[in-house]
Amino acid sequence: MKKITYCKIILVIMYALVSLFALMFINLVISAANDDMYYKEFYSQYIRKFSINYGKGESFPYNELGSDYALYFGVSETSDRDYDSIRAVYFNGNAAVPNILEGRFFAEDEMENGVAVAVLGTLCKRNVTTENGIDYYISGNKKYEVVGYMGREGEVTDLDNMIWLNMGAYFEKAAAYGRFAVDGGSEVNTDNVVKALFSRLPDEELENAGEIIHERKIRSIAYFTRRIYNYVILALIINIAIVSIYYIDRKAYIIAVKKFIGTSFGRISAEIISEYVSFASIGVLVGIIIAFLLRFTPFADSDEVFLMSFSLPSLLAMFAVTVACAVIISVLPIIRIYRKDLSGNIK
């Protein structure tokens with residue numbers, strides 16, 4: 001039975017951390033390739049944003065702009081999950097709507113008649129008041145009845161901290177001054193809705209209206225945290241290399257004996273690399289266990305834990321990246337020890 005040494009334990013722990021960073025990066029790439037509206041602020045790829053200074057909102061022409069479209073107005077939007085992100089919304093026809101976990105979505109007559117109703121993400125229950133068994137959300141001194149809670153069962157999505165207020169009810173007292181988004185579900189339909197909207201704007205508002213470049217959101221780690229992680233990963237790889245050199249140096253006697261009896265460099269390298277592959281494999285298993293246990297901690301809603309979610313492609317890629325890292329890091333120490341004069345190690 002092979003002896004479990006301090007170096008082996010350290011290498012397994014380090015490769016477990018490598019596997020976690022690899023899993024986060026892989027899921028980030030998968031998210032970027034996956035056109036899932038739940039992780040892109042519930043915008044499709046055909047979204048177009050505009051700055052419109054209409055002033056009095058009650059006469060803003062949000063309806064009858066076409067068929068199958070969604071119109072959004074940013075009341076107070078934020079990506080910080082500790083705060084509510086508020087939108088005034090209007091949906092027409094067969095526009096894409098989110099999954100409802102509790103209750104229901106807006107009814108067509110509510111949209112058209114400006115009824116004070118709202119649909120909330122599950123995190124927004126923290127700011128709901130209940131009267132006579134009915135949930136209400138208060139925004140701008142106006143009370144909205146909560147008719148449903150949206151999101152995905154068992155998943156952390158961009159909808160969780162969103163408040164959607166019926167646009168007609170919101171504009172009864174508020175100004176239509178700010179950022180609007182038009183989503184028609186296709187490039188042609190979105191263009192048609194935009195043209196219809198701008199054709200109904202007065203000339204003075206039309207002159208001040210302008211399109212905003214929309215950068216499609218990919219859920220990721222915050223910029224400064226990501227920069228810190230770059231240094232952490234670099235430090236981790238350097239430390240793995242240092243421990244690897246120490247570990248292989250400790251095997252100098254065995255390598256010297258094998259060289260003396262004529263064992264080829266390729267065979268010696270394969271034996272050592274296979275050890276590192278086993279360290280990496282155990283590290284991946286430890287990493288999976290850590291990622292799973294993090295779901296039951298106060299960090300469960302963080303972007304980091306979100307990016308540690310499992311799927312067969314992400315797990316396979318996680319394993320491949322970690323093993324590749326182990327093989328690459330082990331090569332230089334092996335060449336270094338093999339080229340050394342090891343005659344003094346044989347006594």
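In short, a report on the structure. Keep in mind the model is a prediction, meaning the values are calculated, not measured.

This brings us to the overall build of the protein. The secondary structure content of the protein amounts to 10 helices and 11 strands. Taking 20 Å as the expected radius of gyration for a compact globule of 347 residues, we find that the protein reaches 29 Å, considerably beyond that expectation. Considered along the principal axes of its C-alpha atoms, the protein spans approximately 95 × 45 × 30 Å. The buried share of the protein, reckoned over its 347 residues, is 44%.

Moving on to helix 8 (residues 265-293). With 29 residues, helix 8 should cover 42 Å at 1.5 Å per step; its first-to-last C-alpha distance of 42 Å lies within 8% of that length. Burial in helix 8 covers these residues: Ile268, Ser269, Ile272, Ile273, Glu275, Tyr276, Phe279, Ala280, Gly283, Val284, Gly287 and Ala291.

We now examine the packing of aromatic side chains. Taken as a whole and judged by the stated rule, the model has 26 aromatic pairs. For the pair Phe73 and Tyr170, a centre-to-centre distance of 6.0 Å together with 40° between the ring planes defines the contact as tilted. One end of the pair, Phe73, is in strand 2 (residues 69-76); the other, Tyr170, is in helix 3 (residues 167-170), and 97 residues separate them in sequence. Here the two residues Phe73 and Tyr170 agree in accessibility, since each one is buried. Residues Phe292 and Phe296 carry aromatic rings whose centres are separated by 5.3 Å and whose planes lie at 70° to one another, so their mutual orientation is edge-to-face. Site record: aromatic cluster; members linked through ring pairs are Tyr38, Phe42, Tyr43, Tyr72, Phe91, Phe105, Phe106 and Trp164. Over the aromatic face of Tyr72 sits the side chain of Arg87, whose NZ or CZ is 4.8 Å from the ring centroid. A cation over an aromatic ring shows up here: Arg152 above the ring of Tyr38, its NZ or CZ 3.9 Å from the ring centre.

This part covers the pattern of salt bridges. With the rule as written, the count across this model stands at 12 salt bridges. Among the salt bridges present, the one from Arg104 reaches Glu110, with a minimum N-O distance of 2.7 Å. The salt bridge involving Glu172 is made with Lys142; its shortest N-O contact spans 3.2 Å. Remark: Lys142 occurs in strand 8 (residues 142-150) and Glu172 occurs in the loop between helix 3 and strand 10 (175-183); sequence separation between them is 30 residues. Owing to a relative accessible area of 43%, Glu172 belongs among the partly exposed residues under this scheme.

Below, the discussion takes up helix 4 (residues 187-199). End to end, helix 4 covers 18 Å across 13 residues, agreeing with the expected 18 Å (1.5 Å per residue, within 8%). Along helix 4, the residues that are buried comprise Asn189, Thr190, Val193, Val194, Ala196, Leu197 and Phe198. Contacts made by the buried residues of helix 4 are with strand 1 (48-56), strand 2, strand 10 and helix 5 (203-208).

What counts, and at which threshold
- Residues numbered from 1 in each chain as written.
- Predicted model: local features only at pLDDT ≥ 70, side-chain atom pairs only at ≥ 80, totals over all residues.
- Heavy atoms only, no water.
- Helix = DSSP H or I, 4+ residues; strand = E, 2+ residues; numbered from the N terminus.
- Rg over C-alpha atoms; globule rule 2.2 N^0.38 Å.
- Buried < 20%, exposed > 50% of the residue type's maximum accessible area, 1.4 Å probe, protein only.
- Expected span 1.5 Å × (residues − 1).
- Phe/Tyr/Trp six-rings, centres within 6.5 Å; stacked < 30°, edge-to-face > 60°.
- Lys NZ or Arg CZ within 6 Å of the ring centre and 35° of its normal.
- Salt bridge = Lys/Arg side-chain N within 4 Å of Asp/Glu carboxyl O.
- Contact = heavy atoms within 4.5 Å.

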